[in-house]
Amino acid sequence: MTCKLCKKDKPLKNSHIIPEFIYGHLYDEKHKFHVLTTMKSTKNAKLQKGIREILLCGDCEAKLSVYERYASLIFSGAIYTKTNRNGKLVKLEGLDYEKFKLFALSVLWRAGVSSLPFFSQVKLGPHGEKLRNMILEENPGAPENYPFMMALITHEDEVQTDLIVQPSWSRLEGHYSYRFVFGGIAWVYLVSSHKTPNIISQATLSKAGVTTMLISEVSNMPFIVDFANELKASGKLP
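Conventions adopted
Residues numbered from 1 in each chain as written. Predicted model: local features only at pLDDT ≥ 70, side-chain atom pairs only at ≥ 80, totals over all residues. Heavy atoms only, no water. Helix = DSSP H or I, 4+ residues; strand = E, 2+ residues; numbered from the N terminus. Buried < 20%, exposed > 50% of the residue type's maximum accessible area, 1.4 Å probe, protein only. Contact = heavy atoms within 4.5 Å. Areas by Shrake-Rupley, 256 points an atom, 1.4 Å probe, with all protein chains shown as cover. Arc of directions from axis to C-beta. Phe/Tyr/Trp six-rings, centres within 6.5 Å; stacked < 30°, edge-to-face > 60°. 1 Å grid on protein atoms, 1.4 Å probe; cavity = no way out; pocket = protein on both sides within 12 Å on 5 of 7 lines; lining within 4 Å. Points joined across faces, edges and corners; volume = space filled by probe spheres on them. Nonpolar A, V, L, I, M, F, W, Y, C, P; charged D, E, K, R; others polar.

Chemist: With reference to specific residues and values, describe the overall build of the protein chain.
Modeler: Per the secondary structure count, the protein chain includes 5 helices and 12 strands. Counting every position in the protein chain, which comprises 238 residues, the buried fraction comes to 47%. In the protein chain, once contacts between residues fewer than 6 apart in sequence are set aside, the share between residues at least 24 apart is 69%. As presented, the protein chain carries roughly 12200 Å² of accessible surface, and 52% of it is formed by carbon and sulfur atoms.

Structure representation (structure tokens):
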């Protein structure tokens, strides 16, 4: 079988799309978690492992695990980063630009090549091959190449780490963007060949390892509220 990343014929692994460490807060006492989707053809389910698919060879799994390990240490606070809050904005300093951006892009790319219904809205087109080459060559590109913004999702000042929402697409400043929710963060990726709007350039990760995150109350995030309302209307929530 052909590895989606290196394009070589090798035995493939059952690869995570969103890394396994993200699911830690979702598991119940039986080490299961709920998968919620608004798709009528797909039933909600309980899984014992994060959403996976036969995608990558062992060597490519190992390559991506370097970035996943780094991100997990950032999320857990094991690697020190300096934070400075100003109202609803948090400035985060001390990130490794290459590792953190390649982590973020690898999640976007894996969702784009996945055939699973949960990731069906992530359609990268020719950008998929560009992202594949960047990840394979360990090249994060410039900050304006596939920039992403992050917003901390909170409720009553508590970060909501136990939330994963089916990725969706939208228009942002006239550009295609994809929205993911995992790790207590809403990730918004800009996927475009055109010039990055200033509002995004100012918030995305810089080469100096600095980014600015918005703190957002979950009830004020329309796409999450709409998702919950769709689930309820479809009978998938009580």
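Chemist: So what about the environment of Gly-58? Which residues, and what values?
Modeler: Relative to the elements of secondary structure, Gly-58 occurs in helix H1 (residues 58-76). Sequence separation of Gly-58 and Leu-12 is 46 residues, and the distance between their C-alpha atoms is 6.7 Å. When neighbours within four sequence positions are excluded, Gly-58 is seen to be in contact with Pro-11 and Lys-13.

Chemist: Could you give an account of helix H3 (residues 126-136), naming the residues involved and the relevant values?
Modeler: What H3 keeps buried is the set His-127, Gly-128, Leu-131, Arg-132, Met-134 and Ile-135. End-on, the buried residues of H3 take up no more than an arc of 165 degrees, which puts them together on one face. Residues of H3 that are buried sit in contact with H1 and helix H2 (97-113). Of the residues one or two after H3, Glu-138 is the one with positive phi, at around 55 degrees.

Chemist: A description of the packing of aromatic side chains should follow, citing residues and the corresponding values.
Modeler: Under the defined criterion, the tally for this structure stands at 11 aromatic pairs. Aromatic pair Phe-180 and Tyr-189: ring centres 5.4 Å apart, planes at 75 degrees, arrangement edge-to-face.

Chemist: Account for the layout of surface pockets, naming residues and giving values.
Modeler: Approximately 450 Å³ is the volume found for the second largest pocket. Taken together, 18 residues form the lining of the second largest pocket, with Ile-74, Phe-75, Leu-152, Gly-183 and Ile-185 sitting closest to its centre. Elements represented by at least two residues in the lining of the second largest pocket include exactly H1, strand E6 (89-93) and strand E7 (148-155). Here the lining of the second largest pocket gets 3 residues from one element, more than from any other, and that element is H1. Residue classes in the lining of the second largest pocket are distributed as 12 nonpolar, 6 polar and no charged.

Coordinates in, geometry out; function isn't part of it.
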